[in-house]
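For reference, the chains in residue letters:
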Amino acid sequence: MIEIGGFTALYIFMLSAFTGYEVISRVPVILHTPMMSGSNFIHGIVLVGAIVVMGSAETVLEQVIGFIAVALASGNAVGGYVATVRMLDMFTPKENNKGEA
Amino acid sequence: MDIFIQVVYFIAAILFILGLKKMSSPVTATGGIVWAGIGMVAASLVAFFEPGVFDNSTNLVLIIVAIAIGSGIAYATAKRVQMTDMPQMIAIYNGMGGGAAAAIAAVELVKMAGGHHAIGGTAQVLAVLGAFIGAVSFSGSAIAFAKLQGLMNKTIRLPMHMMINLGLFVLTIIAGMIIGFSDSVSIQLVLVFFIMALVFGVLFTTPIGGADMPVVISLFNAFTGLAVAFEGYVLGNAAMIIAGTVVGSAGTLLTQLMAKAMNRPISNILFASFGSDGDAAAEEDIVGSMKEVQGRDAAIMMAYAEKVVIIPGYGMAVAQAQHKVSELTKLLEARGVTVKFAIHPVAGRMPGHMNVLLAEAGIDYDKILDLDEINPEFPTVDVALVIGANDVVNPVARTNPDSPIYGMPILDADKAKNCIVIKRGRGTGFSGVENHLFYADNTSMLYGDAQKAVGELINGIKELQ
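Residues numbered from 1 in each chain as written. Chains lettered and ligands numbered in written order. Predicted model: local features only at pLDDT ≥ 70, side-chain atom pairs only at ≥ 80, totals over all residues. Heavy atoms only, no water.

Draft legend 1. Spotlight on the overall build of chain A. Helix and strand counts for chain A stand at 4 helices and 0 strands. In chain A, the succession of α and β elements from N to C terminus is α-α-α-α. Burial analysis of chain A (101 residues in total) assigns 61% to the buried set. For chain A, restricting intrachain contacts to residue pairs at least 6 apart in sequence, the fraction spanning at least 24 positions comes to 60%. Summed over its atoms, the accessible surface of chain A is roughly 4100 Å², and 67% of this surface lies on carbon and sulfur atoms. (Helix = DSSP H or I, 4+ residues; strand = E, 2+ residues; numbered from the N terminus. Buried < 20%, exposed > 50% of the residue type's maximum accessible area, 1.4 Å probe, protein only. Contact = heavy atoms within 4.5 Å. Areas by Shrake-Rupley, 256 points an atom, 1.4 Å probe, with all protein chains shown as cover.)

Draft legend 2. Main features of the packing of helix α4 (residues 60-89) of chain A against helix α3 (residues 57-80) of chain B. Viewed as axis vectors pointing N to C, α4 of chain A and α3 of chain B meet at an angle of 35°, and their least axial separation amounts to 7 Å. When the axes of α4 of chain A and α3 of chain B are compared, the crossing they make is right-handed. (Axes fitted to C-alpha atoms, helices over the stretch in contact; angles between N-to-C directions. Left-handed = near helix turned anticlockwise from the far one by under 90°.)

Draft legend 3. Representation of the interface of chain B and chain A. With 106 residues of chain B at the contact, the number on the chain A side is 81 residues. For the chain B and chain A pair, buried surface summed over both sides reaches about 8200 Å², with 78% attributable to carbon and sulfur atoms. Counting across the chain B and chain A interface gives 0 salt bridges. The interface formed by chain B and chain A holds 16 residue pairs in polar contact (both at pLDDT 80 or more) in total. The set of elements that each furnish at least two residues to the side of chain B that touches chain A consists of α1 (2-22), α2 (29-47), α3, α4 (86-113), α8 (213-235), α9 (238-261) and α15 (353-360) of chain B. Take the side of chain B that touches chain A: its biggest share by element is 16 residues, from α4 of chain B. Residue composition of the side of chain B that touches chain A, by class: 67 nonpolar, 29 polar and 10 charged. (Buried area = accessible area lost by both parts, 1.4 Å probe. Salt bridge = Lys/Arg side-chain N within 4 Å of Asp/Glu carboxyl O. Polar contact = N/O pair within 3.5 Å; in protein donor to acceptor, adjacent residues only side chain to side chain. Nonpolar A, V, L, I, M, F, W, Y, C, P; charged D, E, K, R; others polar.)

Draft legend 4. Representation of the pairing of strand β4 (residues 383-387) of chain B in the model. All names here are of chain B. Most of β4 is tucked away, with 5 of its 5 residues classed as buried. Both faces of β4 are covered, namely the face carrying Val-383, Leu-385 and Ile-387 and the face carrying Ala-384 and Val-386. Two elements, strand β1 (residues 307-312) and β4, share 5 bridges in a ladder whose sense is parallel. Residue pairing in the sheet places Ile-311 in a bridge with Val-386 of β4. Bridge count between β4 and strand β5 (residues 418-423): 5 bridges; the pairing is parallel. In the sheet register, Ile-387 faces β5, and the bridge partner there is Ile-422. (Pairing = 2+ DSSP bridges.)

This is the structure:
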């Protein structure tokens with residue numbers, strides 16, 4: 001846990017927003033769906049927050065909600081990763097995926 | 001230890017951005033997701049060393065069990081799902097992320113209700129805002145999943161749906177503001193707030209038609225990113241803020257690109273149904289009639305052509321015909337026919353959906369061209385084969401200003417010398433607009449399921465050999 005002051009956070013928000021915009025603006029149409037899936041995976045970082053919050057749970061209710069948070073977040077991360085890899089594998093050069101299909 | 005944790009988060013944030021960047025080119029894309037994956041694993045592992053996590057062994061065990069359950073189910077489903085069903089799976093994984101962000105906020109708010117001191121200031125407001133956005137993304141994505149999975153075929157519209165939505169939205173925001181700005185909250189109010197936010201997500205999504213779902217999923221993807229960023233601020237976690245915001249802005253841009261390709265403002269997709277203004281539009285008189293063709297005759301046309309362009313659409317995805325299409329392509333190429341693929345930006349259920357399916361079937365991506373690349377070529381094309389696409393080849397979009405799809409960029413299949421359209425029935429596309437291409441003199445209709453029809457073409461060509 002670090003202290004992030006209001007204006008520092010605002011700068012982080014601003015710079016990250018421009019970064020996201022720039023990164024995706026050069027993506028060819030053929031990669032839009034894998035890209036959506038890939039960015040879907042990246043917000044799986046919510047798992048970190050879920051672990052931290054669950055670790056600090058004190059009452060049963062907090063534990064139940066924290067448990068749900070961790071389970072959902074890990075579903076987001078793992079599902080997003082596997083789905084993205086499966087899609088992107090199809091775009092790798094032929095000799096790698098001849099065995100499949 | 002704290003420095004170590006922060007350094008790992010910092011590296012993870014860099015890996016996410018570099019990974020996304022690498023994903024923007026087909027050559028480096030696979031490496032990109034691996035980089036992002038390494039960042040994710042590293043960040044999740046050091047999260048265990050955050051203060052407090054190791055102090056309570058019950059919580060620690062519960063965390064591990066929850067991770068095992070969540071990732072086990074997600075892994076099994078993501079491995080097994082058919083490529084054609086990928087869009088709804090992205091929706092459901094995205095919804096899970098939104099739900100997790102909302103649940104994080106819920107824990108913080110429950111702690112406050114239980115007598116802990118208030119989160120305070122901006123963080124408290126952002127916690128509530130993130131909870132609202134995350135909850136809407138969660139329940140909305142669940143509805144999007146149900147619609148694409150075919151569990152919910154009708155677009156449900158309550159009487160005065162817009163007014164109910166608006167009212168619910170205002171009430172949820174008021175409840176959120178009370179929670180966000182007060183020093184102590186009641187658990188009942190928090191509960192009511194979450195229920196209202198979840199119901200709003202449902203009502204927001206139900207009136208939107210299945211064909212518009214990609215845009216909505218992309219929007220919810222951006223929502224979840226924002227919710228994660230806001231909860232990251234609450235927890236003082238810069239990696240969450242950066243990753244969440246990057247996804248939030250990237251998702252917003254992607255949503256805009258999709259809506260633009262469909263030639264519809266986002267507000268139109270979210271707050272109006274397509275058919276309702278389409279019905280009233282003046283229909284131009286249709287000249288000519290639909291001509292049916294048999295599979296064998298169509299096969300002969302293609303076998304003796306010099307250049308064939310295949311235009312796949314949603315119908316190909318539904319029928320899972322991509323492997324048959326690939327077989328057809330190989331047969332034609334063996335005869336010396338040049339085969340290219342023309343992909344409309346909104347063909348299928350997501351931009352790039354068709355590319356993924358064709359890649360799955362082993363078709364090189366340099367044969368796959370997008371709208372701007374292929375349109376100038378159509379006058380030299382002998383046969384344009386339309387497989388289960390409709391609105392994206394409707395010339396009305398160029399000619400009739402009264403049509404609801406007027407102005408939408410289309411593939412100029414009507415300019416090809418001959419056009420064969422594979423279609424299940426005589427109905428209109430999702431826009432409900434009659435397709436003048438089907439009535440053109442050089443167009444022949446091959447009725448049937450895409451899988452079966454392409455199979456007939458394959459047999460027809462084989463008989464010639």
